[in-house]
Structure formats: structure tokens, C-alpha cells
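Spelled out from the first residue to the last, the chains are:
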Amino acid sequence: SAVISQKPSRDICQRGTSLTIQCQVDSQVTMMFWYRQQPGQSLTLIATANQGSEATYESGFVIDKFPISRPNLTFSTLTVSNMSPEDSSIYLCSVGLAASKTQYFGPGTRLLVL
Amino acid sequence: QQPVQSPQAVILREGEDAVINCSSSKALYSVHWYRQKHGEAPVFLMILLKGGEQKGHEKISASFNEKKQQSSLYLTASQLSYSGTYFCGTEELRRANNLFFGTGTRLTVIP
């Protein structure tokens, strides 16, 4: 597996502001993903963070709202822009490991928008 | 379309068995099972690949019927530590490396 950390672990933000979430992995990985988990719900894939190119977004998610950076093979950021209370969720990054053919998740960032 | 899991919730006494089902409308390459405890990140349990069945843990096993796009997770002789929400993550044949998670099954094991 891999050791994955996220910052911040939680935050309370005012509507209209933006928050950048960081994801750090202890080894180089090709695949990194960002998910959203709304309270009591399943995980929804936001985008695949591609190193050296633009992220690939899933239906319903757009770059202007959720810009993603992937400057190298161990780090990615997700920004939640112009936040509204509906953005209150847990945001999780995950990494895909070729050896195990699966994904491992970071601890998540709990966001509350007032 | 999101994979559908059944049941939505189940309560077991210690030592009882449970089966959790996952059904997709898409052709699948693999199915991944995770357990998430309240306030924590999902933890990987096992992966089922097209054409194979894999047992990931001693008392937790799973099957994958790729023709029916269905997978089942079997928990035997349940322990209190098995409590949590179980999610299947499906990897579609046309969307390699991306996982789409099922609706979830909340499992509670009581003494």
C-alpha cells in the first residue's frame, strides 16, 4: 500500500470563498483521483489527476469549480471554488497502485460551508 | 449509473454470516470491495478480476460473475470489528483504472 496524507483534515468556510486541499503520497504513483462523499452517501469520482496534463473530469464536475493540479508523481491539489453549503462534504484523494491493481484512500478532508 | 448494492443495511449477531451483493449495468473488468468505518477513509478489502475469484481475508471472501456484472461479498462468523459500511467499486471495461462505487451496505454486528 501507500501512505497518503491530506491537508487540511477539516475546515469550516464561508460561502463564496475557495479552499485548496492537498494530497501527498510517500511514493511516486501514476494514478491519483479525487472523490467527494456527501454525508451518508457513497463516493463519487470527481476527476483523475493527470501528471503533466489537465485533469479528466467526470460528468457533473467542471474545472472552473474544482481546479486540480498535479505537479509531480507524489502530490496533487483540489480546489473547491466559490463554495456554497451544497459543497459540504468529505473530499478524498486516492492513489492507484499498479502492483495491487487497486486504489488506496487518504484520510479525507471534512468541509463544512456556512 | 451507480452500481446497486443489497441489502442497504443489515444487523447481525456475532458469529452470524452475511452476504452483500453488488450489481452493475456495465460490462466490468474488476470489482473492488472496501469497508468504511464512521469518520474514517474506506479501507481496501479485496479485488475480484475478470475471470477469477480471489479471497482477500480469512473469513471474508467474494465472488464475481462477469457475465451478470454482479459480485457478492461473503462474511462468515462475523465479529464486532466487521461493523461498518461496505462499498463495491466497479472498474468498467471501457474505463480502465477508474472506480465507480456502489450505493453501500451498512453492516452492524452486535454482541
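Residues numbered from 1 in each chain as written. Chains lettered and ligands numbered in written order. Predicted model: local features only at pLDDT ≥ 70, side-chain atom pairs only at ≥ 80, totals over all residues. Heavy atoms only, no water.

The next point concerns the overall build of chain B. Regarding its fold elements, chain B presents 0 helices and 10 strands. Of the regular secondary structure in chain B, the N- to C-terminal order runs β-β-β-β-β-β-β-β-β-β. Its C-alpha radius of gyration of 13 Å places chain B within 12% of the 13 Å reference for a compact globule of 111 residues. When contacts within chain B are restricted to residue pairs at least 6 apart in sequence, long-range pairs at least 24 apart make up 56% of them. Carbon and sulfur atoms make up 47% of the accessible area of chain B, which amounts to about 5700 Å² in all. Of the side chains in chain B, 12 bear a positive and 9 a negative charge, and the two mean positions are spaced by 6 Å. (Helix = DSSP H or I, 4+ residues; strand = E, 2+ residues; numbered from the N terminus. Rg over C-alpha atoms; globule rule 2.2 N^0.38 Å. Contact = heavy atoms within 4.5 Å. Areas by Shrake-Rupley, 256 points an atom, 1.4 Å probe, with all protein chains shown as cover. Lys, Arg positive; Asp, Glu negative; His and termini not counted. Charge placed at Lys NZ, Arg CZ, Asp CG, Glu CD.)

In this section: the overall build of chain A. If you tally the helices and strands in chain A, you get 0 helices and 11 strands. Expected size for 114 residues packed as a compact globule is a radius of gyration near 13 Å; at 13 Å, chain A falls within 12% of this value. Its C-alpha atoms put chain A at 40 × 25 × 20 Å along the principal axes. Burial statistics for chain A: of 114 residues in total, 53% are counted as buried. Relative to all contacts within chain A whose residues are 6 or more apart in sequence, the contacts with residues 24 or more apart total 53%. Surface accessibility of chain A: about 5300 Å² in total, with carbon and sulfur atoms responsible for 50%. When the 8 basic and 7 acidic side-chain charges of chain A are each reduced to a single mean position, those positions are 7 Å apart. (Buried < 20%, exposed > 50% of the residue type's maximum accessible area, 1.4 Å probe, protein only.)

So, about the state of the cysteines. Disulfide: a covalent bond connecting the sulfur atoms of a pair of cysteines. All names here are of chain A. Tallied over the full model, the rule gives 2 disulfides over all chains. Here Cys23 connects covalently by a disulfide to Cys93, the sulfurs 2.0 Å from one another. Judged by the sign of its S-S torsion, about 70°, the cystine formed by Cys23 and Cys93 is right-handed. Of this pair, Cys23 sits in strand β3 (residues 19–25) while Cys93 is found in strand β9 (residues 89–97), placing the two residues 70 residues apart along the sequence. Cys93 provides the cysteine sulfur closest to Cys13, a residue in no disulfide bond, and the two sulfurs are 17 Å apart. (Disulfide = S-S within 2.5 Å.)

Take the pairing of strand β10 (residues 105–110) of chain B next. All names here are of chain B. Burial of β10 is one-sided: the residues Thr105, Leu107 and Val109 facing one way are buried, the residues Arg106, Thr108 and Ile110 facing the other way are not. Here strand β2 (residues 9–13) runs beside β10; their pairing, made up of 5 bridges, is parallel. Opposite Val10, over in β10, you have Leu107 as the bridge partner. By the bridge criterion, 3 bridges tie strand β8 (residues 84–92) to β10 in an arrangement that is antiparallel. Along β10, the bridge assignment pairs Tyr86 with Thr105. (Pairing = 2+ DSSP bridges.)

Every contact between the two is made by 20 residues of chain A and, on the other side, 20 residues of chain B. Where chain A abuts chain B, roughly 1500 Å² becomes buried across the two surfaces, and 56% of that area is made up of carbon and sulfur atoms. Measuring nitrogen to oxygen at the nearest pair gives 2.7 Å for the salt bridge that ties Glu58(A) to Arg95(B). Scanning the region where chain A abuts chain B turns up 9 residue pairs in polar contact (both at pLDDT 80 or more). Its residues assigned to classes, the side of chain A that touches chain B comprises 9 nonpolar, 8 polar and 3 charged. (Buried area = accessible area lost by both parts, 1.4 Å probe. Salt bridge = Lys/Arg side-chain N within 4 Å of Asp/Glu carboxyl O. Polar contact = N/O pair within 3.5 Å; in protein donor to acceptor, adjacent residues only side chain to side chain. Nonpolar A, V, L, I, M, F, W, Y, C, P; charged D, E, K, R; others polar.)

This brings us to the sheet that holds strand β6 (residues 60–65) of chain B. Residues and elements named next belong to chain B. The 4 strands are arranged β1-β3-β7-β6 in an open sheet whose pairing can be described as antiparallel. The open sheet terminates on both sides in strands that have one partner only, identified here as β1 (4–6) and β6. Across the sheet, the mean angle separating the axes of adjacent strands is 15° when strand polarity is ignored. (Axes fitted to C-alpha atoms, helices over the stretch in contact; angles between N-to-C directions.)

Residues and elements named next belong to chain A. Inspection of every chain in the model, using the stated rule, returns 2 salt bridges over all chains. Where Asp87 meets Lys65, a salt bridge forms, and the shortest distance between an N and an O atom there is 2.6 Å. One end of the pair, Asp87, is in the loop between β8 (75–80) and β9; the other, Lys65, is in the loop between β6 (56–57) and β7 (68–72), and 22 residues separate them in sequence. As far as burial versus exposure is concerned, Asp87 and Lys65 are alike and both buried.

The class of Asp87(A) is buried, set by a relative accessible area of 5%. Each residue touching Asp87(A), except ones within four places of it in the same chain, is listed here: Arg36(A), Lys65(A), Phe66(A), Val80(A), Asn82(A), Leu111(A) and Val113(A).

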